[in-house]
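Each chain is listed here by its residues.
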There are 2 protein chains.
Amino acid sequence: MAAQAIDRRIQRTQELLKTALMSLIQEKGFEALSVQDIIDRANVGRATFYAHFDNKEDLLRSGIEGLRQSLRECQRKALSQTPRTEERVFAFSREMFTHANEHRDVFRAMLGKRSGSVIQQLFHRMLIDLVREEVKALAPRGDTSSAPTETITQYIAGGLFGVVIWWVDGRMRLSVEDVDALFRRLAIPALKATAR
Amino acid sequence: MAAQAIDRRIQRTQELLKTALMSLIQEKGFEALSVQDIIDRANVGRATFYAHFDNKEDLLRSGIEGLRQSLRECQRKALSQTPRTEERVFAFSREMFTHANEHRDVFRAMLGKRSGSVIQQLFHRMLIDLVREEVKALAPRGDTSSAPTETITQYIAGGLFGVVIWWVDGRMRLSVEDVDALFRRLAIPALKATAR
DNA sequence: TCGCTATGGAACAGTGTGTTCAATAGCGTT
DNA sequence: AACGCTATTGAACACACTGTTCCATAGCGA
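About the criteria used
- Residues numbered from 1 in each chain as written.
- Chains lettered and ligands numbered in written order.
- Predicted model: local features only at pLDDT ≥ 70, side-chain atom pairs only at ≥ 80, totals over all residues.
- Heavy atoms only, no water.
- Patch = residues over 30% accessible without salt bridge, like charges linked within 9 Å, V, L, I, M, F, W, Y side chains within 5 Å.
- Areas by Shrake-Rupley, 256 points an atom, 1.4 Å probe, with all protein chains shown as cover.
- Salt bridge = Lys/Arg side-chain N within 4 Å of Asp/Glu carboxyl O.
- Lys, Arg positive; Asp, Glu negative; His and termini not counted.
- Charge placed at Lys NZ, Arg CZ, Asp CG, Glu CD.
- Helix = DSSP H or I, 4+ residues; strand = E, 2+ residues; numbered from the N terminus.
- Least-squares fit on C-alpha atoms with pLDDT ≥ 70 in both.
- Near = heavy atom within 4 Å.
- Polar contact = N/O pair within 3.5 Å; in protein donor to acceptor, adjacent residues only side chain to side chain.
- Contact = heavy atoms within 4.5 Å.
- Core = buried A, V, L, I, M, F, W, Y, C linked by side-chain atoms within 4.5 Å.
- Buried < 20%, exposed > 50% of the residue type's maximum accessible area, 1.4 Å probe, protein only.
- Nonpolar A, V, L, I, M, F, W, Y, C, P; charged D, E, K, R; others polar.

Caption draft 1: Layout of a negative patch on the surface. Negative charge collects at one region of the surface, where A:E31, A:E57, B:E31 and B:E57 lie side by side. Take A:E31: it is sitting in the loop between α1 (8-28) and α2 (35-42).

Caption draft 2: Region of interest: the relation of the copies chain B and chain A. Superposing chain B onto chain A takes a rotation of 179° plus a shift of 0.0 Å along the axis, which leaves an RMSD of 0.1 Å. The relationship between the two copies is best expressed as a two-fold rotation axis.

Caption draft 3: Summary view of the protein's contact with DNA strand C. Residues in contact with DNA strand C amount to 22 residues; listed here are only the nearest, A:V35, A:Y50, B:T13, B:G45 and B:H52. A share of 61% of the atoms of DNA strand C within 4 Å of the protein falls on sugar and phosphate groups. One of the side-chain N or O atoms of B:T48 is found 3.1 Å from a phosphate oxygen in DNA strand C. Broken down by secondary-structure element, the contributors of at least two residues to the surface near DNA strand C are α1, α2 and α3 (46-52) of chain A together with α1 (8-28) and α3 (46-52) of chain B. Here the surface near DNA strand C gets four residues from one element, more than from any other, and that element is α3(B).

Caption draft 4: Broad picture of the side chain of A:K56. Residue and element names in this part refer to chain A. Of note, K56 is situated in helix α4 (residues 56-80). Polar side-chain contacts of K56 include one of 3.1 Å to the backbone oxygen of F30. Excluding residues within four positions of it along the chain, K56 makes contact with F30, E31, L33, V35, I38 and F49.

Caption draft 5: Quick peek at the nonpolar core. A:F97, A:I156, B:F97 and B:I156 are the most contacted members of the largest nonpolar core, which has 120 residues in total. Among residues more than four places away in sequence, those in contact with B:I156 are A:Y155, B:F90, B:V131, B:F183, B:A187, B:A190 and B:L191.

Caption draft 6: Structural detail: the protein's contact with DNA strand D. Every one of the 20 residues lining DNA strand D counts as a neighbour, but A:T13, A:G45, A:T48, A:H52 and B:V35 are closest to it. Among atoms of DNA strand D positioned within 4 Å of the protein, sugar and phosphate together represent 63%. The backbone of A:G45 places a nitrogen or oxygen atom 2.9 Å from a phosphate oxygen of DNA strand D. Note that a phosphate oxygen of DNA strand D is positioned 2.9 Å from one of the side-chain N or O atoms of A:T48. Looking at the surface near DNA strand D, the elements with two or more residues in it are α1 and α3 of chain A together with α1, α2 (35-42) and α3 of chain B. Of the residues assigned to the surface near DNA strand D, the class counts are six nonpolar, eight polar and six charged.

Caption draft 7: Local environment of unusual backbone geometry. A positive phi is found at A:N43, a non-glycine position, where the angle reads about 60°. Relative to the helices and strands, A:N43 resides in the loop between α2 and α3.

Caption draft 8: The arrangement of the side chain of A:D180 in detail. Residues and elements named next belong to chain A. In this structure, D180 sits in helix α9 (residues 176-195). The buried category is assigned to D180, whose relative accessible area is 3%. If we skip the residues at most four places from it in the chain, D180 touches S93, R94 and F97.

Caption draft 9: Region of interest: the pattern of salt bridges. Enumeration according to the criterion identifies 20 salt bridges over all chains in this entry. Residue A:D129 is joined to A:R68 by a salt bridge in which the shortest nitrogen-to-oxygen separation is 3.0 Å. One end of the pair, A:D129, is in helix α7 (residues 117-138); the other, A:R68, is in helix α4, with 61 residues separating them in the sequence. You can call A:D129 partly exposed: its relative accessible area is 26%. In this structure, the salt-bridge partner of B:E150 is B:R132, at a minimum N-O distance of 2.9 Å.

And the structure:
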């Protein structure tokens, strides 16, 4: 075997913990949650938890990693085929809104007011990275780390962040299509400020 | 006297607590802070603290209230004189960047990565309210609570939030004028999406 | 001066944290 | 199937912080 097989016990434990975390987040929100709650729900020993993660935030990070990779992948695909088309810009946004819509319970619990701002912060950073990639792709003339470019990145990422939080936390009256279209309509002019 | 004079002891205590909080935030950040730290620094009894505030977040809220009112005031002024001028739109943003620049130590400690996201959340909400006021002023045709309008509000507020956080947390290479100008250049087109 | 109230300080139970240890269970390999 | 290795367990640990209660006292405003 090429890949060194991972001990089944480890997989099992980590899976149990992540699952417990997610279900608990939906019930109580992240902040209100204790390590004790998690290990009780997962039916895992205290010492075992700390053998795998430093604390509950560490566990959360590793849990969110999945979403991050999925969005990155989706973006990578879109960027590789026929760049420069306006249709393809911010390809990940549609995917994200869709994803949020399908798992609205989890998302609402994770990003809503009740649940902690730690998650929000992680999510915000994730969006910044994704947006930066797009901005970079549209302003490739060595302009990369210039201040205005980064400002635009931060602005758009912040805007997207704000919209998602609001959309998920409210009654989500807007459809995925509408909210995504609105976001694009708002973001693309800003992008052009780069391309000048 | 008309105004019911407030017991000097109360003023003194609350002042001591707020001052202690602010100085501690600069040293350790908000999250890492305990009520114990605060009362030690303020040299105030434990029971006294809880006689005034429910917890450290309650104290924080009351501390931030000052900034909120100051910005609101500044916005109110700008909105009352000669509306509709592009110069006057987002009048509070300049004030805020200036304020942040003058107290950059406090701001960095309060909004930076180290310090808690509770503060960030409070700050974000504050910006949303301020931006909504502006958007409302430019789309006054009974359109108030329509979805797109609110989306735009959330987008712009989020964008501003993102830019401020980034600007404050980084080395603040951009001058107040530059960062404010950039923000306006990015936000005003979005505003026009309302005015259609 | 007097009455009222904010304060101080100590003690309290409760909750959670992160670590340690030796015993045990269960994995992958031979 | 038997082995050695490692993950898991459960208990116990010291520690920190929370929010509340009590009463004596200090300091305020009148």
